[in-house]
Amino acid sequence: MNKQEILIQTQAYIKKTFLDEGTGHDYFHIERVVTNAKKILETENADSFLVELAAWTHDIGDYKLHEGVDKSEELIRAFLESINVEEESIQKVLEIVSQVSFSKGNKPTTIEAEIVQDADRLDAIGAVGIARCFAYGGSVGSILYNPYDNSKDASSVQHFYDKLFKLKDLMNTKTAKKIALSRHEYMEKFIEEFYHEVK
Ligand code: NI
(Lines give C-alpha, C1' and ligand atoms only; values in the text may rest on other atoms or scores of the structure.)
Protein backbone atom coordinates (compact mmCIF):
# COMPACT_ATOMS: atom_id res chain seq x y z
CA MET A 1 0.00 0.00 0.00
CA ASN A 2 1.40 3.44 -0.84
CA LYS A 3 1.30 6.40 1.52
CA GLN A 4 -1.81 7.93 -0.02
CA GLU A 5 -3.70 4.65 0.33
CA ILE A 6 -2.61 4.31 3.96
CA LEU A 7 -3.99 7.77 4.72
CA ILE A 8 -7.29 6.97 2.97
CA GLN A 9 -7.67 3.68 4.88
CA THR A 10 -6.86 5.44 8.14
CA GLN A 11 -9.42 8.17 7.52
CA ALA A 12 -12.09 5.52 6.78
CA TYR A 13 -11.28 3.64 9.99
CA ILE A 14 -11.38 6.82 12.11
CA LYS A 15 -14.67 7.89 10.54
CA LYS A 16 -16.27 4.56 11.37
CA THR A 17 -14.88 4.50 14.93
CA PHE A 18 -15.43 8.11 16.02
CA LEU A 19 -18.57 9.29 14.27
CA ASP A 20 -20.83 9.16 17.35
CA GLU A 21 -18.28 10.11 19.98
CA GLY A 22 -19.95 12.71 22.22
CA THR A 23 -17.24 14.31 24.35
CA GLY A 24 -15.77 16.64 21.71
CA HIS A 25 -13.39 14.10 20.19
CA ASP A 26 -15.79 13.11 17.41
CA TYR A 27 -14.71 12.39 13.84
CA PHE A 28 -15.01 16.01 12.79
CA HIS A 29 -12.62 17.11 15.57
CA ILE A 30 -10.05 14.75 14.10
CA GLU A 31 -10.78 15.92 10.56
CA ARG A 32 -10.27 19.56 11.68
CA VAL A 33 -6.96 18.61 13.31
CA VAL A 34 -5.81 17.10 10.01
CA THR A 35 -6.92 20.27 8.17
CA ASN A 36 -5.05 22.46 10.69
CA ALA A 37 -1.97 20.27 10.32
CA LYS A 38 -2.05 20.60 6.53
CA LYS A 39 -2.31 24.38 6.87
CA ILE A 40 0.74 24.44 9.16
CA LEU A 41 2.63 22.10 6.82
CA GLU A 42 2.46 24.76 4.08
CA THR A 43 5.06 26.82 5.93
CA GLU A 44 7.10 24.12 7.70
CA ASN A 45 9.64 21.64 6.42
CA ALA A 46 8.37 18.31 7.76
CA ASP A 47 7.35 14.79 6.77
CA SER A 48 3.76 15.36 5.74
CA PHE A 49 2.89 11.64 5.67
CA LEU A 50 3.89 11.16 9.32
CA VAL A 51 2.15 14.39 10.35
CA GLU A 52 -1.11 13.38 8.67
CA LEU A 53 -1.00 9.80 9.92
CA ALA A 54 -0.36 10.96 13.50
CA ALA A 55 -3.09 13.60 13.23
CA TRP A 56 -5.63 11.00 12.09
CA THR A 57 -4.72 8.58 14.90
CA HIS A 58 -3.91 10.95 17.80
CA ASP A 59 -7.15 10.36 19.72
CA ILE A 60 -7.53 6.59 19.28
CA GLY A 61 -6.23 5.98 22.81
CA ASP A 62 -8.25 8.81 24.38
CA TYR A 63 -11.43 7.37 22.96
CA LYS A 64 -10.92 4.09 24.71
CA LEU A 65 -9.47 5.15 28.03
CA HIS A 66 -9.89 2.14 30.25
CA GLU A 67 -9.88 2.96 33.96
CA GLY A 68 -7.32 5.71 33.46
CA VAL A 69 -4.97 3.56 31.39
CA ASP A 70 -3.82 5.20 28.17
CA LYS A 71 -4.21 2.67 25.38
CA SER A 72 -2.93 4.89 22.53
CA GLU A 73 0.21 2.92 21.86
CA GLU A 74 -1.47 -0.48 21.81
CA LEU A 75 -4.48 0.60 19.74
CA ILE A 76 -2.59 2.72 17.21
CA ARG A 77 -0.03 -0.06 16.71
CA ALA A 78 -2.74 -2.68 16.24
CA PHE A 79 -4.53 -0.57 13.64
CA LEU A 80 -1.41 0.44 11.69
CA GLU A 81 -0.15 -3.15 11.66
CA SER A 82 -3.53 -4.28 10.37
CA ILE A 83 -3.06 -2.11 7.25
CA ASN A 84 0.62 -3.12 6.90
CA VAL A 85 2.31 0.18 7.74
CA GLU A 86 6.03 -0.41 8.08
CA GLU A 87 7.55 -0.66 11.57
CA GLU A 88 9.72 2.45 11.22
CA SER A 89 6.68 4.63 10.45
CA ILE A 90 4.64 3.04 13.26
CA GLN A 91 7.34 3.91 15.78
CA LYS A 92 7.57 7.48 14.54
CA VAL A 93 3.77 7.94 14.68
CA LEU A 94 3.67 6.53 18.22
CA GLU A 95 6.38 8.95 19.29
CA ILE A 96 4.52 11.92 17.76
CA VAL A 97 1.21 10.97 19.39
CA SER A 98 2.86 10.45 22.79
CA GLN A 99 4.08 14.06 22.67
CA VAL A 100 0.78 15.72 21.69
CA SER A 101 -1.24 15.69 24.92
CA PHE A 102 -1.67 18.84 27.07
CA SER A 103 -2.34 16.88 30.26
CA LYS A 104 0.82 14.81 29.92
CA GLY A 105 2.76 18.09 29.59
CA ASN A 106 5.15 16.66 27.02
CA LYS A 107 7.46 18.80 24.93
CA PRO A 108 7.65 17.76 21.28
CA THR A 109 11.12 16.69 20.13
CA THR A 110 10.46 16.76 16.36
CA ILE A 111 8.88 19.26 13.97
CA GLU A 112 6.26 16.61 13.11
CA ALA A 113 5.17 16.38 16.77
CA GLU A 114 5.20 20.18 17.07
CA ILE A 115 2.82 20.45 14.13
CA VAL A 116 0.35 17.81 15.36
CA GLN A 117 0.36 19.31 18.86
CA ASP A 118 -0.34 22.78 17.43
CA ALA A 119 -3.07 21.40 15.14
CA ASP A 120 -4.83 19.68 18.05
CA ARG A 121 -4.51 22.73 20.31
CA LEU A 122 -5.90 25.08 17.65
CA ASP A 123 -9.12 23.04 17.71
CA ALA A 124 -9.37 23.66 21.47
CA ILE A 125 -9.56 27.46 21.11
CA GLY A 126 -11.63 30.06 19.28
CA ALA A 127 -15.32 29.57 18.48
CA VAL A 128 -14.82 25.83 17.98
CA GLY A 129 -12.90 25.63 21.25
CA ILE A 130 -15.72 27.39 23.12
CA ALA A 131 -18.28 24.96 21.69
CA ARG A 132 -16.10 21.95 22.51
CA CYS A 133 -15.43 23.21 26.04
CA PHE A 134 -19.14 23.33 26.90
CA ALA A 135 -19.92 20.11 25.04
CA TYR A 136 -17.22 18.31 26.98
CA GLY A 137 -18.38 19.88 30.26
CA GLY A 138 -21.90 18.65 29.59
CA SER A 139 -20.66 15.15 28.84
CA VAL A 140 -18.93 14.86 32.23
CA GLY A 141 -21.68 16.67 34.19
CA SER A 142 -19.77 19.93 34.84
CA ILE A 143 -21.72 23.10 35.54
CA LEU A 144 -21.39 26.07 33.18
CA TYR A 145 -20.20 28.62 35.69
CA ASN A 146 -19.87 29.14 39.43
CA PRO A 147 -19.14 32.76 40.44
CA TYR A 148 -17.83 31.64 43.86
CA ASP A 149 -15.48 28.89 42.80
CA ASN A 150 -12.38 29.38 40.66
CA SER A 151 -10.62 26.20 41.66
CA LYS A 152 -9.42 23.86 38.92
CA ASP A 153 -12.23 21.98 37.06
CA ALA A 154 -14.93 23.89 39.00
CA SER A 155 -16.91 24.68 35.83
CA SER A 156 -16.68 24.96 32.05
CA VAL A 157 -15.93 28.70 32.34
CA GLN A 158 -13.09 27.86 34.75
CA HIS A 159 -11.64 25.62 32.04
CA PHE A 160 -10.81 28.75 30.03
CA TYR A 161 -8.39 29.73 32.83
CA ASP A 162 -7.18 26.19 33.56
CA LYS A 163 -6.24 25.54 29.94
CA LEU A 164 -7.74 27.42 26.99
CA PHE A 165 -6.26 30.90 27.67
CA LYS A 166 -2.81 29.33 28.10
CA LEU A 167 -2.69 27.66 24.73
CA LYS A 168 -1.79 30.64 22.53
CA ASP A 169 1.59 30.96 24.30
CA LEU A 170 2.26 27.24 23.97
CA MET A 171 2.09 27.07 20.16
CA ASN A 172 5.28 25.83 18.48
CA THR A 173 5.00 26.99 14.88
CA LYS A 174 4.69 30.45 13.35
CA THR A 175 1.49 29.65 11.46
CA ALA A 176 -0.22 28.22 14.56
CA LYS A 177 0.84 31.21 16.67
CA LYS A 178 -0.81 33.54 14.18
CA ILE A 179 -4.07 31.58 14.02
CA ALA A 180 -4.07 31.13 17.80
CA LEU A 181 -3.84 34.86 18.42
CA SER A 182 -7.10 35.69 16.66
CA ARG A 183 -8.88 32.68 18.20
CA HIS A 184 -7.62 33.77 21.64
CA GLU A 185 -8.98 37.27 21.18
CA TYR A 186 -12.34 35.84 20.19
CA MET A 187 -12.46 33.77 23.43
CA GLU A 188 -11.58 36.86 25.48
CA LYS A 189 -14.50 38.72 23.93
CA PHE A 190 -16.79 35.78 24.65
CA ILE A 191 -15.79 35.63 28.33
CA GLU A 192 -16.08 39.41 28.66
CA GLU A 193 -19.65 39.27 27.31
CA PHE A 194 -20.42 36.25 29.51
CA TYR A 195 -19.45 38.19 32.67
CA HIS A 196 -21.33 41.22 31.43
CA GLU A 197 -24.51 39.14 31.15
CA VAL A 198 -24.23 37.32 34.47
CA LYS A 199 -23.43 40.37 36.58
NI1 NI B 1 -7.58 15.69 19.78
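Throughout what follows, the structure given in this document is the object of discussion.

Rules used in this analysis
Residues numbered from 1 in each chain as written. Predicted model: local features only at pLDDT ≥ 70, side-chain atom pairs only at ≥ 80, totals over all residues. Heavy atoms only, no water. Helix = DSSP H or I, 4+ residues; strand = E, 2+ residues; numbered from the N terminus. Rg over C-alpha atoms; globule rule 2.2 N^0.38 Å. Buried < 20%, exposed > 50% of the residue type's maximum accessible area, 1.4 Å probe, protein only. Donors = N, O, S within 2.8 Å, 3.2 Å for Na, K, Ca; no water. Tetrahedral: all angles 85-135°; square planar, octahedral: opposite > 155°, others 65-115°. Phe/Tyr/Trp six-rings, centres within 6.5 Å; stacked < 30°, edge-to-face > 60°. Axes fitted to C-alpha atoms, helices over the stretch in contact; angles between N-to-C directions. Parallel < 35°, antiparallel > 145°, perpendicular 65-115°, else oblique. Contact = heavy atoms within 4.5 Å. Nonpolar A, V, L, I, M, F, W, Y, C, P; charged D, E, K, R; others polar.

1. Looking at the overall build of the protein chain
Then, number 1: Within the protein chain one finds 10 helices and 0 strands.
Then, number 2: Taken against the 2.2 N^0.38 rule, which gives 16 Å for 199 residues, the C-alpha radius of gyration of the protein chain at 17 Å falls within 12% of a compact globule.
Then, number 3: For the C-alpha atoms alone, the extent of the protein chain along its principal axes is close to 60 × 40 × 25 Å.
Then, number 4: For the protein chain, with 199 residues in total, the buried portion stands at 44%.

2. Looking at the environment of T35
Then, number 1: By secondary structure assignment, the location of T35 is in helix α2 (residues 27–41).
Then, number 2: Measuring from C-alpha to C-alpha, the distance between T35 and A119 comes to 8.0 Å, with 84 residues separating the pair along the chain.

3. Quick look at the coordination of the nickel ion
Then, number 1: Summarising the metal site, the nickel ion is bound by the protein donors H29 (NE2), H58 (NE2), D59 (OD) and D120 (OD), whose distances to it range over 2.2 to 2.4 Å.
Then, number 2: Taken together, the 4 donor atoms surrounding the nickel ion define angles of 81 to 162 degrees at the centre, an arrangement classified as irregular.
Then, number 3: As a motif over one chain, the donors of the nickel ion read H-x28-H-D-x60-D. Placement of H29 in helix α2 and of D120 in helix α7 (residues 111–122) is noted, with a sequence separation of 91 residues between them.
Then, number 4: The exposure class of H29 is buried, given its relative accessible area of 0%.

4. Digging into unusual backbone geometry
Then, number 1: At N84, a position not held by glycine, the phi torsion is positive, near 60 degrees.
Then, number 2: Summarising the element assignment, N84 is placed in the loop between α5 (72–82) and α6 (87–98).
Then, number 3: Backbone geometry places D153, a non-glycine residue, at a positive phi of 65 degrees.
Then, number 4: Tracing the backbone through its elements, the reader meets D153 in the loop between α8 (126–139) and α9 (156–162).
Then, number 5: The exposure class assigned to D153 is exposed, which follows from its relative accessible area of 52%.

5. Some details on the packing of aromatic side chains
Then, number 1: The tally for this structure, following the rule as stated, stands at 12 aromatic pairs.
Then, number 2: The interplanar angle of 75 degrees and the centroid separation of 5.1 Å between the aromatic rings of Y27 and F28 together place this pair among those described as edge-to-face.
Then, number 3: Residue Y27 is classed as buried on the basis of its relative accessible area of 0%.
Then, number 4: Grouping aromatic residues by their ring pairs yields a cluster made of F134, Y145, F160, Y161, F165, F190, F194 and Y195.

6. Examining the packing of α8 against helix α10 (residues 174–198)
Then, number 1: Interhelical geometry of α8 versus α10 gives an angle of 55 degrees and a closest axis separation of 8 Å. When the interaxial angle is binned, α8 and α10 end up oblique. Of the residues in α10, those in contact with G126, A127, I130 and F134 of α8 are R183, Y186, M187 and F190.
Then, number 2: Of the residues belonging to the contact of α8 with α10, the class tally is 6 nonpolar, 1 polar and 1 charged.

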